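Here's the letter readout for the chains.
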Amino acid sequence: MKELTMALALFSGDGVIKKYMRHHLKEGERRPVCGGCFVLRRLKNPGAVLGFGKNRQRELNLVSGGMLAALLVRLVCISSRKGYGIEKAALVLMAGGGLSNLTDRISQGYVDDYISMAHGPGKLQKLVFNLSDILVLAGAGLFVANGGFTVGRKNK
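So, here's what we can say about the structure. Nothing here was measured: the structure is a model prediction, and the numbers come from that model.

Before going further, it helps to examine helix H1 (residues 2–24). Along its 23 residues, H1 runs 33 Å from first to last C-alpha, staying within 8% of the 33 Å computed at 1.5 Å per residue. Those residues of H1 not exposed but buried are Glu 3, Ala 7, Asp 14, Lys 18 and Met 21. In this fold, the buried residues of H1 make contact with strand S2 (38–45), helix H2 (57–78), helix H3 (85–108), strand S3 (111–117) and helix H5 (131–145).

Okay, structure coming up:
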């Protein structure tokens, strides 16, 4: 069950960062970091990516919770099997990030987003995200690159 432990570690790590941002960065404040490549700025996002579903939080939480449950069930089913390394990694990333954002939405009614790009197209600079968003996106990308679930075949 080391995969579940890793997912919980990612969940906890992101929680620590979000808590730090809530206590050290005022909403709307902008603070350049990494040589000005990124900007720390706190935003309360009641929805999902790009604010999707912000007016339908109950439904968003149910769908997110259902997807998270399915990911965790699959992760438990393959955790003791040899192989499946890429799928396990993808599920760990998505579960850790997804659990963090879902927990925030349920407990606070919003997700704390805190980082954005300082350069690039204007629309890209307007996006504000958090570590959980990056984890979910990276996990989804890895999952797709792997060809989805490895039912009937093993990956490395």
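Structure shown, so let's carry the discussion forward.
Residue position: Gly 98 is located in helix H3. Separated by 31 residues in the primary sequence, Gly 98 and Phe 129 have C-alpha atoms spaced 13 Å apart.

Residues spaced three or four apart along an α-helix point in a common direction, a consequence of the helix completing one turn every 3.6 residues. Taking 1.5 Å as the rise per residue, H3 with 24 residues should run 34 Å; its terminal C-alpha atoms sit 34 Å apart, in good agreement. A positive phi of about 85° marks Gly 109, the residue just after H3.

A word on the state of the cysteines. Going through the model one piece at a time under the given rule, you end up with zero disulfides. This cysteine, Cys 34, is not joined by any disulfide, and Cys 37 carries the nearest cysteine sulfur, 6.8 Å off. Classification of Cys 34 as exposed rests on a relative accessible area of 59%. Residue class for Cys 37 comes out partly exposed when judged on its relative accessible area of 40%.

What follows deals with the sheet that holds S3. Spatially, three strands are ordered S1-S2-S3 in an open sheet, and the strand pairing comes out antiparallel. Only two strands of the sheet have a single neighbouring strand rather than two, namely strand S1 (31–33) and S3. Strand-to-strand, the axes of this sheet are offset by a mean angle of 40°, without reference to chain direction. Judged from the three bridges that link them, S1 and S2 form a sheet pairing that is antiparallel.

Another aspect to go through is the layout of surface pockets. For the largest pocket, the calculated volume is near 910 Å³. Contributions of two or more residues to the lining of the largest pocket are made by S2, H2, H3, S3 and H5. In terms of residue count, the dominant contributor to the lining of the largest pocket is H2 (seven residues). The residue inventory of the lining of the largest pocket, partitioned by class, reads 21 nonpolar, seven polar and four charged.

On to unusual backbone geometry, then. With phi around 55°, Cys 34 is a residue other than glycine that occupies positive phi space. By secondary structure assignment, the location of Cys 34 is in the loop between S1 and S2. At Tyr 84, a position not held by glycine, the phi torsion is positive, near 60°. Its place among the elements puts Tyr 84 in the loop between H2 and H3. Classification of Tyr 84 as buried rests on a relative accessible area of 6%.

Attention now goes to the pairing of S3. Counting buried positions over the seven residues of S3 gives six, a clear majority of the element. Here six bridges tie S2 to S3, and the two strands are oriented antiparallel to one another. Looking across to S3, one finds that Asn 45 is bridged to Val 111.

Each value, and the rule that gives it
Residues numbered from 1 in each chain as written. Predicted model: local features only at pLDDT ≥ 70, side-chain atom pairs only at ≥ 80, totals over all residues. Heavy atoms only, no water. Helix = DSSP H or I, 4+ residues; strand = E, 2+ residues; numbered from the N terminus. Expected span 1.5 Å × (residues − 1). Buried < 20%, exposed > 50% of the residue type's maximum accessible area, 1.4 Å probe, protein only. Contact = heavy atoms within 4.5 Å. Disulfide = S-S within 2.5 Å. Pairing = 2+ DSSP bridges. Axes fitted to C-alpha atoms, helices over the stretch in contact; angles between N-to-C directions. 1 Å grid on protein atoms, 1.4 Å probe; cavity = no way out; pocket = protein on both sides within 12 Å on 5 of 7 lines; lining within 4 Å. Points joined across faces, edges and corners; volume = space filled by probe spheres on them. Nonpolar A, V, L, I, M, F, W, Y, C, P; charged D, E, K, R; others polar.

Bear in mind that shape data such as this cannot, by itself, settle questions of function.
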